[in-house]
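Architecture and fold: a report
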Amino acid sequence: MTSNVSVNTVRSNVRARPSGFLQDLWTVAKRAIRAVPREPEAFLPALFIPAFFFVVNIGALQDLTEGVPSGDAFNYRSFQLPTAIIFAVTGISRATALVTDITTGYFDRLLLSPVRRLPLLLGLMVADFMLVVALCVPVIILGLVVGVSFGTGLLGMVLFVLIGALWGLAFTGFPYAIALKTANPAAVASSFLLFFPFAFLTTSTVPLEFLTPWMRSIARFNPITYVLDGMRSLLSDGWDPSAIGKALLAIAILGAVSQTLAMLALRGRLAQS
Amino acid sequence: MTNVVIETNALERSFGEVKAVRGVDLAVRAGEIYGFLGPNGAGKSTVVKMLITLLRPTAGTATVLGHDVVDGASAIRLRIGAALQDASLDEKQSGREILRMQGALYGLTRKESDTRIEELSSLIEFDAIDRWIGTYSGGMRRRLDLAASLMHNPDLLFLDEPTTGLDPQSRVQVWNEVRALNSQFGTTIFLTTQYLEEADELADRVGIINDGKIVGEGAPEDLKRAIGADVLQIKVGDHDAAVAALEDVAVVDHVERGPRALLVSVTDGAAAVSSVVIALDSAGVIVEELTLRTPTLDDVFLELTGDRIEVSA
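Residues numbered from 1 in each chain as written. Chains lettered and ligands numbered in written order. Predicted model: local features only at pLDDT ≥ 70, side-chain atom pairs only at ≥ 80, totals over all residues.

Counting its regular elements, chain A contains 13 helices and zero strands. Reading chain A from its N end, one meets helices and strands in the order α-α-α-α-α-α-α-α-α-α-α-α-α. In terms of overall dimensions, chain A has a C-alpha envelope of 85 × 35 × 35 Å along the principal axes. Within chain A, buried positions represent 40% of all 273 residues. (Helix = DSSP H or I, 4+ residues; strand = E, 2+ residues; numbered from the N terminus. Buried ≥ 20, exposed ≤ 12 C-beta atoms within 10 Å, placed from the backbone.)

Laid out in structure tokens, this is it:
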């Protein structure tokens, strides 16, 4: 048989060996991070939507709200900036890419390597975290452009971004759970529906006092209410450990629920094999 | 004593009510190329997935390189490589990124990965290595997939239909690499295929699987010899008349209607030609073309299962 192939006759003695958890995590994360700018369609809407709502809500409600509930100090632009951040970061994940990996068989290729199983999911979340931090930046710049200022200074701004990013990360458990459970891109896309009750049955547009009693009751059980309160406190109230603590606790509770679902779904998928 | 690297005993796998694999016994020796031949849906890929620890058996046992596929999965994964049926590669990564990541998954340093990439040059098109996989042809993907599965120098390589859908040139390239891996580096290769020619070309031994069961096993030449017959491939105008004419010819063992010709099994081809031609001529059947050939693995499969392998793209 003829061939134009020259096969190497000398090969190194390179051998596979188990790598550490952090190396596994970074290996998976690096690929996911590289993929982010290559799929602009996955994150560009997350830039447009918050900017749109930020401008529209201010245009519609600024005059109605300023001065009414909290006296002259109330600044609706500052009030809206955390909402814009939450809109930017909620639901951003690599879950659709994970579905693609599962359906194309690439996930199997990862599974038949000695990589630990947990980093296969956590590595994607590292990329998610970096993306949501990056998404916060233009939204904050927009806020600064329209006159929003941070009463807690630069450190407050950093914490503001961190709270937003942690919220985004906590929420990713839902789309990942759906991705791992169904391996269906349409099902993952429909996880966006979860965004609505979280994002609108709360103080995203007006302060708690403006809500009708029934909606106020719901908002009190919505973790985003406390996340928004904590972020807003960094803009207007100065350092308020109670508000920040409640925000972090709300993120922790939601994160515990969503990430537990994701881990169970991962375990279920591995058990299928 | 021969070192057995894959051993299965009464291996089974069910999916709900469907039994995809029904009691498979295998013993693959170190250093051989074992061809696992069967039609689509025969259970080849399911067996492979159990052996590479992607799928748990529902009954029976399997050991790979001395480790149980359930309890010793981690140890197995370090020492095997696998290129599965569909070259599963991330389309938005470059060839180099995929290979380096593959190296990192197996604990290789960047330098070691780059060394391996150089060493696997026969499978990699270097002018395309920094392009996204999405721009690769089917053959390029398949060869890169094979290169990825070899990054960590596995002792045992599983190839699940490695050339399905490839053009002839790409197929030969993969065959050459498989042969080189086996002959120069002693890599044991477990190869599933639905191509008889591929099994014939590459495999030291062939296991024939049909409907989830092994129906035959041995060296290709032994299997073919075991049929004990040559085949006369006869092109005639009237198949019915020809079959009737050959019914009572003593030297004819079996007549089968092929898509374009009759396939007549005879014990001694050279001696039987004249008897067959005379019988056809006496019945007024015009012989348009007659070829004498030795049996193929397809004939072996027919003998063992009553069917021929239908190859799908």
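This is not the end of the story, as more comes after the structure.
Let us look at the overall build of chain B. When helices and strands are counted, chain B shows 11 helices and 14 strands. Overall, the C-alpha framework of chain B stretches about 75 × 45 × 40 Å when taken along its three principal axes. When burial is assessed residue by residue, chain B has 47% of its 313 residues classed as buried. Across chain B, the fraction of contacts at a sequence separation of at least 24, relative to all contacts at a separation of at least 6, is 69%. (Contact = placed C-beta atoms within 7 Å.)

Okay, the sheet that holds strand β1 (residues 4–15) of chain B next. Residue and element names in this part refer to chain B. Pairing is antiparallel across the open sheet formed by four strands, whose spatial order is β2-β1-β4-β5. Both outer strands of the open sheet, β2 (18–29) and β5 (67–68), are each paired with one neighbouring strand and no more. As judged from the nine bridges shared by β1 and β2, these two strands associate in the antiparallel manner. Paired with Arg13 across the bridge in β2 is Val21. (Pairing = 2+ DSSP bridges.)

This brings us to the domain arrangement of chain B. Along its sequence, chain B is organised into domain 1 (4–219) and domain 2 (229–294). For domain 1 of chain B and domain 2 of chain B, the distance between their C-alpha centres works out to 41 Å. (Domains from an automatic or database assignment.)

The packing of two helices is summarised by the inter-axis angle and the distance between the axes. Packing of helix α1 (residues 21–35) of chain A against helix α3 (residues 95–105) of chain B brings their axes to within 9 Å, and their N-to-C directions diverge by 160 degrees. Put simply, α1(A) runs roughly antiparallel to α3(B). Of the two elements, α1(A) crosses α3(B), and the hand of that crossing is left-handed. Of the residues in α3(B), those in contact with Thr27(A), Arg31(A) and Arg34(A) of α1(A) are Glu97(B), Met101(B), Ala104(B) and Leu105(B). Of the residues assigned to the contact of α1(A) with α3(B), the class counts are three nonpolar, one polar and three charged. (Axes fitted to C-alpha atoms, helices over the stretch in contact; angles between N-to-C directions. Parallel < 35°, antiparallel > 145°, perpendicular 65-115°, else oblique. Left-handed = near helix turned anticlockwise from the far one by under 90°. Nonpolar A, V, L, I, M, F, W, Y, C, P; charged D, E, K, R; others polar.)

Okay, the nonpolar core next. One finds Val89(A), Val227(A) and Leu51(B) to be the most contacted residues of the largest nonpolar core, which totals 139 residues. Sorting elements by how many residues they give to this core places helix α6 (residues 118–145) of chain A first, with 10 residues. Val231(B), Leu232(B), Val264(B) and Ala272(B) belong to the second largest nonpolar core, which has 18 residues in total. (Core = buried A, V, L, I, M, F, W, Y, C linked by C-beta atoms within 7 Å.)

Right, let's get into α1(A). With 15 residues, α1(A) extends 22 Å between its outermost C-alpha atoms, agreeing within 8% with the 21 Å of an ideal straight helix rising 1.5 Å per residue. Listed in full, the buried residues belonging to α1(A) are Asp24(A), Leu25(A), Thr27(A), Val28(A), Ala29(A) and Arg31(A). (Expected span 1.5 Å × (residues − 1).)

Here the focus is the interface of chain B and chain A. In this assembly, 39 residues from chain B lie in contact with 32 residues from chain A. Sorting the residues of the side of chain B that touches chain A by element identifies α2 (73–79), α3, α4 (110–119) and α6 (168–185) of chain B as the ones contributing at least two each.

The next point concerns the packing of α3(B) against α4(B). Residue and element names in this part refer to chain B. Orientation of α3 relative to α4, taken along the N-to-C sense of each, is 125 degrees, at an axis distance of 9 Å. Classed by the angle they form, the pair α3 and α4 counts as oblique. Read as a crossing pair, α3 and α4 show a hand that is right-handed. Of the residues in α4, those touching α3 at Arg96, Leu99, Arg100, Gly103 and Ala104 are Arg110, Glu112, Ser113, Arg116 and Ile117. The class makeup of the residues in the contact of α3 with α4 is three nonpolar, two polar and five charged.

This paragraph deals with unusual backbone geometry. Phi at Ala10(B) takes a positive value of approximately 50 degrees, unusual for a residue other than glycine. With respect to the element layout, Ala10(B) can be found in strand β1.

Bringing the sheet that holds strand β12 (residues 252–257) of chain B into the picture now. Residues and elements named next belong to chain B. Strand order in the open sheet formed by four strands is β12-β13-β11-β14, and the pairing between neighbours is antiparallel. The sheet is open, and its two edges are formed by β12 and β14 (287–293), each paired on a single side. Within this sheet the neighbouring strands show an average axis-to-axis angle of 20 degrees, counted without direction. Each of β11 (230–236), β12 and β13 (262–266) touches helix α9 (residues 239–246); the most contacted strand, β12, lies at about 165 degrees to it.

Residues and elements named next belong to chain B. Relative to the assigned elements, Asp253 resides in strand β12. Here the alpha-carbon distance between Asp253 and Leu54, two residues 199 residues apart in the chain, equals 45 Å. Setting aside chain neighbours within four positions, we find Asp253 in contact with Ala229, Ser265, Val266 and Thr267.

Quick look at helix α11 (residues 297–305) of chain B now. For α11(B), the full list of buried residues reads Leu297(B), Asp299(B), Val300(B) and Phe301(B). Two residues or fewer after α11(B) comes Gly306(B), characterised by a positive phi angle close to 85 degrees.

Looking now at the pairing of strand β6 (residues 80–83) of chain B. Residue and element names in this part refer to chain B. Neither face of β6 is open: one carries Ile80 and Ala82, the other Gly81 and Ala83, and all of them are buried. Where β6 and strand β7 (residues 156–160) come together, four bridges link them in parallel fashion. Paired with Ala82 across the strands is Phe158, a residue of β7.

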